[in-house]
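# Survey of secondary and tertiary structure
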Amino acid sequence: MANDAQTEAPVADYRALLEQERGSLARQLAELGFGGVSDTGLSYDANFADSSQVTAERGEAETLAGELRNSLAEVERALERVADGTYGTCLRCGKAISPARLEAKPAVTTCIECASLPR
Ligand SMILES: [Zn+2]
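All figures in this text were calculated on a predicted structure; none of them were measured in a lab. (Residues numbered from 1 in each chain as written. Predicted model: local features only at pLDDT ≥ 70, side-chain atom pairs only at ≥ 80, totals over all residues. Heavy atoms only, no water.)

Before going further, it helps to spend a moment on the coordination of the zinc ion. For the zinc ion, the protein coordination sphere consists of Cys90 (SG), Cys93 (SG), Cys111 (SG) and Cys114 (SG), at 2.3 Å. Coordination at the zinc ion comes from four donor atoms whose angles at the metal span 104 to 117°, giving a geometry best classed as tetrahedral. Spacing between the donor residues of the zinc ion along the chain follows C-x2-C-x17-C-x2-C. Of this pair, Cys90 sits in the loop between helix 2 (56-84) and helix 3 (99-104) while Cys111 sits in the loop between helix 3 and helix 4 (112-115), placing them 21 residues apart in sequence. (Donors = N, O, S within 2.8 Å, 3.2 Å for Na, K, Ca; no water. Tetrahedral: all angles 85-135°; square planar, octahedral: opposite > 155°, others 65-115°. Helix = DSSP H or I, 4+ residues; strand = E, 2+ residues; numbered from the N terminus.)

Across all of its chains, the model carries one salt bridge by this definition. In this structure, Arg22 engages Glu76 in a salt bridge whose closest nitrogen and oxygen atoms are separated by 3.5 Å. With a gap of 54 residues between them, Arg22 in helix 1 (residues 12-32) and Glu76 in helix 2 connect regions that are remote in the sequence. Assessed through its relative accessible area of 27%, Arg22 is described here as partly exposed. (Salt bridge = Lys/Arg side-chain N within 4 Å of Asp/Glu carboxyl O. Buried < 20%, exposed > 50% of the residue type's maximum accessible area, 1.4 Å probe, protein only.)

Here Gly23 shows up in helix 1. Judged by relative accessible area, which is 32%, Gly23 ranks as partly exposed. Along the backbone, Gly23 and Leu72 are 49 residues apart, and their C-alpha atoms lie at a distance of 9.1 Å.

What follows is about the nonpolar core. In this structure, Leu18, Leu29, Val75, Tyr87, Ile97 and Leu102 are the most contacted members of the largest nonpolar core, which totals 21 residues. For this core, the secondary-structure elements that each account for two or more residues are helix 1 and helix 2. Residues in contact with Leu18, not counting those within four places in the same chain, are Val75, Ala78, Leu79, Val82, Tyr87, Pro106 and Ala107. (Core = buried A, V, L, I, M, F, W, Y, C linked by side-chain atoms within 4.5 Å. Contact = heavy atoms within 4.5 Å.)

A few words now on helix 2. Note: α-helices contain 3.6 residues per turn, so residues at a spacing of three or four share the same orientation. With 29 residues, helix 2 should cover 42 Å at 1.5 Å per step; its first-to-last C-alpha distance of 42 Å lies within 8% of that length. Where helix 2 ends, the next residue or the one after it, Gly85, has phi of about 85°, a positive value. (Expected span 1.5 Å × (residues − 1).)

Applying the stated criterion to the full structure yields one aromatic pair. An angle of 45° between the planes, with centres 5.4 Å apart, marks the rings of Tyr14 and Tyr87 as tilted. With Tyr14 in helix 1 and Tyr87 in the loop between helix 2 and helix 3, this pair connects stretches of sequence that are 73 residues apart. Residues Tyr14 and Tyr87 agree in their burial class; the two are buried. (Phe/Tyr/Trp six-rings, centres within 6.5 Å; stacked < 30°, edge-to-face > 60°.)

Function cannot be inferred from these measures alone, as they are strictly geometric.
So, in structure tokens, the structure goes:
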């Protein structure tokens, strides 16, 4: 915040990682038949699990799709934070998240200390 110099962006690599992750998740969803991918984004808030008459197999796919959608939403939020310059900051304590942690899991929102705390 005190430094707005236009040097190289330190989060560029993370954005690439996140975009890669987003593509991978979207592809997995598409393979499950829950694509919803469009030029304007992903409709991961569709109420696809609304029916109680889904078959067990379909239910399993929906559970998996739900997890993928959650991951995708996290990746999208991380990309938003890259865009507004808050990426890499813990959402709970406000400290910087370690680069090693971000590289292992680019969509994380908390530092390792906060992640180990009970919610
Ligand atoms: Zn923290």
